[in-house]
Amino acid sequence: MTPEQKAAKAALSQNKNQVQNKNQKQNQNQAQNQKQGQNPNYNQAPNQNQNQNQSSNSKRGRGRPKKTGDSPLRMIPLGGLGEVGKNMMVYECQGDAIIVDVGLSFPDESMPGVDLVIPDFTYVIENRDRIKGIVITHGHEDHIGGLAYLFKQAIFPVYATRLTIGLIEGKLKEHGLLDKVTLNVVKPRDTIRLGCFGVEFINVNHSIPDACSMAIHTPYGTLVHTGDFKVDYTPINGNIIDLARFGELGSKGVLALLSDSTNAERPGSSGSESVVGVSFDKLFAQAEKKRIIVATFASNVHRVQQIVDAAVKFKRKIAVSGRSMENVVNKALEMGYLNIPSGVLIDVDAIERHPDNKMVIITTGSQGEPMSALTRMAMGDHRKVRVTPNDCIIISASPIPGNEKLVTRVINELLKQGSEVIYDKMYEIHVSGHASQDELKMMMALTKPKFFIPIHGEYKHQCKHAELAHSMGIEKKNVLVPDIGKVIETDGNFLRFGETVTAGKVLVDGLGVGDVGSIVLRDRRHLAEDGLIVVVTTIDRETGQILSGPDIVSRGFVYVRESEDMIGRARNIARQTIQKCIDNNTREWGVFKQKVRDDVSDYLWQMTKRSPMILPVIQEI
Ligand SMILES: [Zn+2]
Ligand SMILES: [Zn+2]
């Protein structure tokens, strides 16, 4: 045994128990893997990946059957590019594949009535036999929210850190999938073996604890997939981003860096989470006799911890409002990620029993979401909390682009109730969870990648990030700005676009997944913009004559009482058209309806310059 092998063996036995099995299914899985000569606990020795690089051919010939010959390493983005949300990436090599993150995004104004949006899983389902597992960077919805929907079509084992697994468990439970899926807890610096991939988890800072980047060791070299990250030298839990490991990887050679572009337009650094705690202290001191209400993201456990710490310092009790806040606080308490001294947390029903200056309410709704607790408080619609002039309300988040109007509306309403509202840049009450330019450059400087691929963000963020890479001396031909569905290929020497695979948005509306397509959306937009007119006519089946109607029902078009004349005339036009069809012996209902639609629509357009959706209904009796 060479010294190198000895070191590898030592590292392996040291880390033997690091990947804990969440249930017995994993043990079966493990047994299967071992049968195939793979060890899921495999911990890659630091040098091994370079050796692999040099002797990739001999390695590929050994043990596992060669499936795709010398095909290049493929990266297949299925979401999270040209958008913020639904992050999902497939990596493929020698016939094996892994998935990094399966997220969701929230609908924009062009999708009325849609609850959420998930990636198109077609490619994954078509290649399901090759997928060895799913690794998850962290527990935000845009990285885990699509899992339950994927698992309704195909199930794969999941690997992630402890809190992330805890949050995934919650999701799977909601969908009744918990006992069907193997969930594996991984610790930072663990490497798991999935086919020809060795996936190493590396601790990073972000706006949720337990976030990780992945170093993906492949026979072609090492890829670094950052996930969402920032650099925080004074994080709340003390776990500073593992810069040393990124540096080590860089000095051994990183083939490609795929890095978070969300804040690529922002110069400087994003700042430490602990800055927010200092602001809370100041604001809590100022609030004196007032009740304090703080709205933030439920998943930002460190932020919640800082609110708790300030409350404890100023001898206030804490109540939690909003379903997602209650869920995350309970989960974080149960798992030990949140520390609240006993007796401090009270039920939201009991807030009346405590004087205002002894209360802090932590709530959801920092984005002005219409159904959230803070919005309900602002609209006087919250069942437990009534906002008064004696409230100091802190919105500890910045609006995500697109949510500004909603947030402004909530702030206006709160101010109308006479309360004090502290938001945005008034104090340092929020720091971003994503790396700004200096941090992004640091990541490039440490990993020294040959190829650079900006991920996570709108197209303009990706382009800005690509520019940063050029400014750091990465050659233009070695940078690709990817798009979803467009396969990226590399053999270690070149980086290029390959084929395009099926990718896109699948809309989820209630229980329906993917059944809301472009036609349904077009109708919903039409209804939302111009309203609806229903023309109901009853016709005698025998004689073909009008028995009653046409009656006109209008919704969201005009205020009927003030437009009786116009509606009356529209009714006459419909009657004439129907009578004409009857006289011409038209029994083809499709033609019948189209004629009514055209004539009524023409008239209403003349009168109002609006074109409501017109729905002719013909009943035969
Ligand atoms: Zn995130
Ligand atoms: Zn994200």
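Analysis parameters
Residues numbered from 1 in each chain as written. Chains lettered and ligands numbered in written order. Predicted model: local features only at pLDDT ≥ 70, side-chain atom pairs only at ≥ 80, totals over all residues. pLDDT = per-residue confidence, 0-100. Contact = placed C-beta atoms within 7 Å. Helix = DSSP H or I, 4+ residues; strand = E, 2+ residues; numbered from the N terminus. Buried ≥ 20, exposed ≤ 12 C-beta atoms within 10 Å, placed from the backbone. Axes fitted to C-alpha atoms, helices over the stretch in contact; angles between N-to-C directions. Parallel < 35°, antiparallel > 145°, perpendicular 65-115°, else oblique. Left-handed = near helix turned anticlockwise from the far one by under 90°. Nonpolar A, V, L, I, M, F, W, Y, C, P; charged D, E, K, R; others polar. Pairing = 2+ DSSP bridges. Expected span 1.5 Å × (residues − 1). Arc of directions from axis to C-beta. Core = buried A, V, L, I, M, F, W, Y, C linked by C-beta atoms within 7 Å. Domains from an automatic or database assignment.

J.: Sorry if this is basic, but what is going on with the confidence of the model for the protein chain here?
T.: Mean pLDDT over the protein chain: 86, with 87% of residues reaching 70 or higher. Confidence drops under a pLDDT of 50 for residues 6–68, and excluding neighbours within four residues, the segment shows 80 contacts in the predicted structure.

J.: What am I meant to see in unusual backbone geometry here?
T.: A negative phi angle is the norm for most residues apart from glycine, just as the trans form is the norm for most peptide bonds. The residue after Gly 549, namely Pro 550, is reached through a cis peptide bond having omega 0 degrees. Its identity as a non-glycine residue notwithstanding, Arg 189 has a phi of 75 degrees, on the positive side. Relative to the elements of secondary structure, Arg 189 occurs in the loop between strand E8 (183–185) and strand E9 (191–194). In this structure Arg 189 comes out as partly exposed when scored by C-beta crowding, with 17 C-beta atoms within 10 Å. In the Ramachandran plot, Glu 288 falls in the positive-phi region, its phi being about 40 degrees despite a non-glycine side chain.

J.: I would appreciate a short explanation of the packing of helix H18 (residues 564–583) against helix H19 (residues 589–608) in the present structure.
T.: The angle between the axes and the distance between the axes are what describe a pair of packed helices. Between H18 and H19, the shortest axis-to-axis distance is 9 Å and the interhelical angle comes to 150 degrees. Compared by their axis directions, H18 and H19 come out roughly antiparallel. The element H18 and its partner H19 pack so that their crossing is right-handed. Of H19, the residues touching H18 (which contributes Met 566, Arg 569, Ala 570, Ile 573, Ala 574, Thr 577, Ile 578 and Cys 581) are Phe 592, Lys 595, Val 596, Asp 599, Val 600, Tyr 603, Leu 604 and Met 607. Within the contact of H18 with H19, the residues separate by chemical class into 12 nonpolar, one polar and three charged.

J.: Honestly, the sheet that holds strand E16 (residues 359–363) in this entry has me stumped. Any pointers?
T.: In a beta sheet, neighbouring strands are held together by backbone hydrogen bonds and run either parallel or antiparallel to one another. In space, the five strands of this open sheet follow the order E15-E16-E14-E17-E18, with parallel pairing throughout. On the outer flanks of this sheet lie strand E15 (317–321) and strand E18 (420–422), each paired with one strand and no other. Between one strand axis and the next, the sheet turns through 20 degrees on average, direction left out of account. Inspection of the sheet shows E15 paired to E16 by five bridges, in the parallel sense.

J.: I keep staring at H18 and nothing clicks. Help me out?
T.: If you check H18, its first and last C-alpha atoms are 28 Å apart, about what 20 residues at 1.5 Å a residue would give, namely 28 Å. By the burial criterion, the buried members of H18 are Ala 570, Ala 574, Thr 577, Ile 578 and Cys 581. On an axial view of H18, the arc spanned by its buried residues comes to 95 degrees, and they lie on one face. Exposed positions of H18 whose direction lies more than 90 degrees from the buried face are Glu 564, Asp 565, Gly 568, Asn 572, Gln 576, Gln 579, Lys 580 and Asp 583. Here the buried face of H18 lies against strand E24 (532–539), strand E25 (546–555) and H19. Asn 585 sits one or two positions beyond H18 and adopts a positive phi of about 65 degrees.

J.: Explain the sheet that holds strand E26 (residues 613–620) here, please?
T.: On the basis of which strands lie adjacent, the open sheet formed by three strands has the order E25-E24-E26 and mixed pairing. Looking at which strands have only one partner, the edges of the open sheet turn out to be E25 and E26. Between one strand axis and the next, the sheet turns through 15 degrees on average, direction left out of account. Where E24 meets E26, eight bridges bridge the pair, whose relative direction is parallel. By the bridge assignment for E26, Thr 538 is matched with Gln 619. The strands touched by H18 within the sheet are E24 and E25, with E25 carrying the most contacts at an inclination of about 140 degrees. Taken strand by strand, H19 contacts E24 and E26, and its axis lies near 140 degrees from that of E26.

J.: Would you explain the packing of helix H15 (residues 437–447) against helix H16 (residues 459–471) in this entry?
T.: With their axes 10 Å apart at the nearest point, H15 and H16 run at an angle of 55 degrees to one another. It follows that H15 is oblique to H16 by the angle criterion. Taken as a pair, H15 and H16 cross one another with a handedness that is right-handed. Counted together, Gln 437, Leu 440, Lys 441 and Met 444 of H15 and His 465, Leu 468 and Ala 469 of H16 form the full contact between these two elements.

J.: Would you explain the nonpolar core in this entry?
T.: Considering soluble globular proteins, one finds that nonpolar side chains tend to be buried as a cluster. With 142 residues, the main nonpolar core has Tyr 91, Ile 98 and Ile 168 as its most contacted residues. Residues lining this core come from more than one domain, with at least three contributed by each of domain 1 (52–268 + 433–509) and domain 2 (274–426). Ignoring anything within four residues of it in the chain, the contact list for Ile 168 reads Ile 136, Ile 144, Leu 147, Val 158, Ala 160 and Leu 183. Ranked by size, the runner-up nonpolar core spans 11 residues in total, among them Val 535, Phe 557, Ile 578 and Leu 604.

J.: Sorry if this is basic, but what is going on with the environment of His 140 here?
T.: Inspection of the secondary structure puts His 140 in the loop between strand E6 (131–135) and helix H6 (141–144). A count of 25 C-beta atoms within 10 Å places His 140 in the buried class.

J.: Looking at this model, I keep getting lost on helix H8 (residues 162–174). Mind explaining?
T.: Three or four residues apart is the spacing at which side chains of an α-helix point the same way, because the helix has 3.6 residues per turn. The end-to-end C-alpha distance of H8, which contains 13 residues, comes to 19 Å, matching closely the 18 Å that a straight helix rising 1.5 Å per residue would cover. Listing the buried residues of H8 in full gives Leu 163, Thr 164, Ile 165, Gly 166, Leu 167, Ile 168 and Leu 172. In this fold, the buried residues of H8 make contact with H6, helix H7 (147–151), strand E7 (158–160), E8 and helix H12 (323–334).

J.: Help me out: how do you make sense of the environment of His 138 in this one?
T.: Residue position: His 138 is located in the loop between E6 and H6. According to the C-beta neighbour criterion, His 138 is buried, with 27 such atoms within 10 Å. Considering only alpha carbons, one finds His 138 and Ile 168, 30 residues apart in sequence, at a separation of 9.9 Å. Once you skip the residues sitting within four places of it in the chain, His 138 turns out to touch His 143, Thr 164, His 206, Ile 208, Asp 210, Ala 211, Cys 212, Gly 227 and Asp 228.

J.: Hey, could you run me through the pairing of strand E20 (residues 486–490) in this one?
T.: Consecutive residues of a regular strand have side chains that alternate between opposite faces of the sheet. Looking at chain direction, strand E2 (residues 73–79) and E20 are connected through three bridges and run antiparallel. Following the sheet pairing, Met 75 is matched in E20 by Ile 488. From the end of E20 to the start of strand E21 (residues 495–500), which pair antiparallel, there are four residues, and Gly 492 there has a positive phi angle of about 100 degrees.

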